[in-house]
Every structure is written in C-alpha cells, then in structure tokens.
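Geometric and topological summary
Spelled out, the chains give:
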Amino acid sequence: MNFLKVMTPIGFKKLAYQEYGNRSLETFFCVHGLSQNGLSFEYLAQQLLPNYVVSLDLLGRGNSDCLNDYHLYNFHQYLNDCYGLCLALGSTQNITWIG
C-alpha cells in the first residue's frame, strides 16, 4: 500500500493506492464505486499483469483519510484525487480507466 497527499478544501489528506506490474507497459487505473475500495480490483489487477495497474481508495474509503464534512465528497474532489495520482506517478497519457 502506498500513500499520496492530496489537496482538499480542508487541507491535505492521505490517498491510499496500490500498484501492480511494470510501469513501462500499458497503464490501467482502477477506480471503485461509492461503496467499495481499491481491493475490489485485486483479482483483475493480477489478470492484467505484467501491465501497470493502479487501484486507489478514494477519500473516505479503505485506507485513505476521511473528510469531516460529507458535502466535500463530490465529483470535483474525486477528479482532483485521480488527476493528482496520475501526475505523481508520471502517468498522464494513454491510460485505460476501469470502474
């Protein structure tokens, strides 16, 4: 499990993610639904190896930090989290999104 600090309206929070495979191969980003977490994609990630697969726990889920106001859980925040993770990992082009 890895962690990245992402910006929220109330400051930085910890975003948890898991990496599988080889970064030099095709990249897959797995983003779970409202009631799941990144572990939902563990089996799929194993099937996609040796490609590079990233699954994350959106804020408030799994091993990621929670926000203290439920209004802060919104599409804008989720997009910010995913984009920040892509930038931090150097994966900004040719990504296949799953979820």
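Quick summary incoming for the structure in this document. Along each chain, the written sequence defines residue order, and numbers are assigned to residues from 1. For this predicted model, a pLDDT threshold of at least 70 governs which residues receive local features, and a threshold of 80 or more governs which side-chain atom pairs are given and counted, while totals over whole chains, interfaces and linings are taken from all residues. Calculated side-chain values reflect all of the structure's heavy atoms, with hydrogen atoms and water omitted.

1. Focus on the pairing of strand β1 (residues 2-8)
- Any two strands with at least two DSSP bridges between them are considered paired. Under the scheme used here, helices are H or I runs from DSSP no shorter than 4 residues and strands are E runs no shorter than 2 residues, and both carry numbers assigned from the N terminus. Bridge count for β1 against strand β2 (residues 11-20) is 7 bridges, and the pairing is antiparallel. The residue bridging leucine 4 from the neighbouring strand is leucine 15, located in β2.

2. Side note on the packing of aromatic side chains
- Stacked, tilted and edge-to-face pairs are distinguished by plane angle, under 30 degrees for stacked and over 60 for edge-to-face with tilted covering the rest, among Phe, Tyr and Trp rings (Trp via its six-membered ring) whose centres lie within 6.5 Å. Enumeration over the complete set of coordinates arrives at 1 aromatic pair.
- Ring centres of phenylalanine 29 and tryptophan 97 lie 5.2 Å apart, and the angle between their planes is 45 degrees; on these two criteria the pair is classed as tilted. Of this pair, phenylalanine 29 sits in strand β3 (residues 27-31) while tryptophan 97 is found in strand β5 (residues 95-98), placing the two residues 68 residues apart along the sequence.
- Buried, partly exposed and exposed residues are distinguished by accessible area as a fraction of the type maximum, computed with a 1.4 Å probe on protein chains only: under 20%, between the cut-offs, and over 50%, respectively. On the basis of relative accessible area, phenylalanine 29 is assigned to the buried category, the value being 0%.
- On the accessibility criterion, tryptophan 97 (46% relative accessible area) is partly exposed.
- The ring of phenylalanine 3 carries the charged tip of lysine 14 above its face, separated from the ring centre by 4.6 Å. Ring-over charges, as used throughout, are those where CZ of Arg or NZ of Lys falls within 6 Å of the ring centre and within 35 degrees of the ring normal.

Read these as geometric descriptors, not functional statements.
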